[in-house]
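Here's the letter readout for the chains.
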Amino acid sequence: SHFSVRVLCFILAIALLVSSVLGTLNIFEAILRPFQYLFAFYNAVFAAVIIVLDGRSTKHCRCADFRKRIFTAVWCLSSARGRAMFYMYVGSINLVMLPESGLMSLIYQVIGGGLCTASLLILLSGCRCFRSFFNSEGVDRSEHGIQGGAAQAIDAIHGAGVAIKMEFMKIRAYVRHNPVTLKLFCCLIAILLLGLSVL
């Protein structure tokens, strides 16, 4: 269910935050392995964002204000698909960019695999085909059932096309209303990629 996936992501984010903070406490690591130190710092930031996104939302909690700020700055995280893609990104970098120590490598692999699994669960729960499959009581192989299945497939394809068009329109509107923010973001990404290439 949606709640259990949120709890899973919240627990994985806390584990990622703790392991990343422990990784950033070693100052000598920054001198000897600056790339791993930077990776631990980014992981801590990503974990904090996930905690704010999946933490309980109340009016008296300050997380609600941080959540609104995150949604305003990065609007794609307000949708389930956007969060799923963010979790997939964080999970995949934790699966690929492993530290050299054995225990920390295992911890990052478990966290990365958990976030990738949660991402796939979120994406599949939003798919109309899987929702209708899980809500159905079986497969009807009669001619009417096959025609109904074809109609459902066509509806699902049409719904996916409409969703893609809506996402494109959101991106276009965001770029139109925030050209400076987008240019600044692209510039920071380019500087980061250049720095990582030099390292």
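The structure this text deals with has already been given above.
It should be emphasised that the depicted structure is a prediction, and the values quoted were computed from it without experimental measurement. (Residues numbered from 1 in each chain as written. Predicted model: local features only at pLDDT ≥ 70, side-chain atom pairs only at ≥ 80, totals over all residues. Heavy atoms only, no water.)

(A) Fine view of the overall build of the chain. Check the secondary structure of the chain and you find nine helices and zero strands. Secondary structure elements of the chain, listed N to C terminal, follow the sequence α-α-α-α-α-α-α-α-α. Evaluated residue by residue, the chain yields a buried proportion of 25% over its 199 residues. Carbon and sulfur atoms make up 71% of the accessible area of the chain, which totals about 13,700 Å². (Helix = DSSP H or I, 4+ residues; strand = E, 2+ residues; numbered from the N terminus. Buried < 20%, exposed > 50% of the residue type's maximum accessible area, 1.4 Å probe, protein only. Areas by Shrake-Rupley, 256 points an atom, 1.4 Å probe, with all protein chains shown as cover.)

(B) Here's a closer look at the packing of aromatic side chains. The final tally for this structure, using the stated rule, is five aromatic pairs. Between the aromatic rings of F39 and Y108, the centroid separation amounts to 5.7 Å while the plane-to-plane angle is 55°, which identifies the pairing as tilted. Of this pair, F39 sits in helix α3 (residues 34-54) while Y108 is found in helix α6 (residues 102-126), placing the two residues 69 residues apart along the sequence. On the basis of relative accessibility, which here comes to 6%, the residue F39 falls in the buried class. Owing to a relative accessible area of 3%, Y108 belongs among the buried residues under this scheme. In textbook terms, an aromatic cluster arises when at least three aromatic residues are bridged by ring pairs, as seen for F46, F86, Y87 and Y89. (Phe/Tyr/Trp six-rings, centres within 6.5 Å; stacked < 30°, edge-to-face > 60°.)

(C) Molecular detail of a nonpolar patch on the surface. Residues I14, V18, V21, L22 and L25 make up a contiguous nonpolar surface patch of about 450 Å² in total accessible area. Structurally, the position occupied by L25 is in helix α1 (residues 2-25). On the basis of relative accessible area, L25 is assigned to the exposed category, the value being 60%. (Patch = residues over 30% accessible without salt bridge, like charges linked within 9 Å, V, L, I, M, F, W, Y side chains within 5 Å. Salt bridge = Lys/Arg side-chain N within 4 Å of Asp/Glu carboxyl O.)

(D) Main features of the nonpolar core. Counting residues in each nonpolar core, the largest one holds 26 residues, and the members touching the most others are I50, F86 and Y87. Mapped onto this core, the elements with two or more residues apiece are α1, α3, α5 (80-96) and α6. By residue number, the principal contributor to this core is α3, which donates nine residues. Setting aside chain neighbours within four positions, we find F86 in contact with F46, V49, I50 and L77. (Core = buried A, V, L, I, M, F, W, Y, C linked by side-chain atoms within 4.5 Å. Contact = heavy atoms within 4.5 Å.)

(E) Structural detail: the packing of α3 against α5. Put simply, α3 and α5 touch, their axes get as near as 11 Å, and they point 150° apart. Judged by the angle between their axes, α3 and α5 are roughly antiparallel. Where α3 crosses over α5, the handedness of that crossing is left-handed. Here F39, N43, F46, V49, I50, L53 and D54 of α3 come into contact with α5, specifically with R83, F86, Y87, Y89, V90, I93 and N94. (Axes fitted to C-alpha atoms, helices over the stretch in contact; angles between N-to-C directions. Parallel < 35°, antiparallel > 145°, perpendicular 65-115°, else oblique. Left-handed = near helix turned anticlockwise from the far one by under 90°.)

(F) Representation of the side chain of N94 within the structure. Topologically, N94 is positioned in helix α5. For N94, a relative accessible area of 0% gives the class buried. Looking at N94, its side chain comes within polar contact range of the side chain of N43, at 2.9 Å. Separated by 2.7 Å, the side chain of N94 and the backbone oxygen of V90 make a polar contact. Once residues within four sequence positions are removed from consideration, N94 is found in contact with L16, F39, N43, Y108, Q109 and G112. (Polar contact = N/O pair within 3.5 Å; in protein donor to acceptor, adjacent residues only side chain to side chain.)

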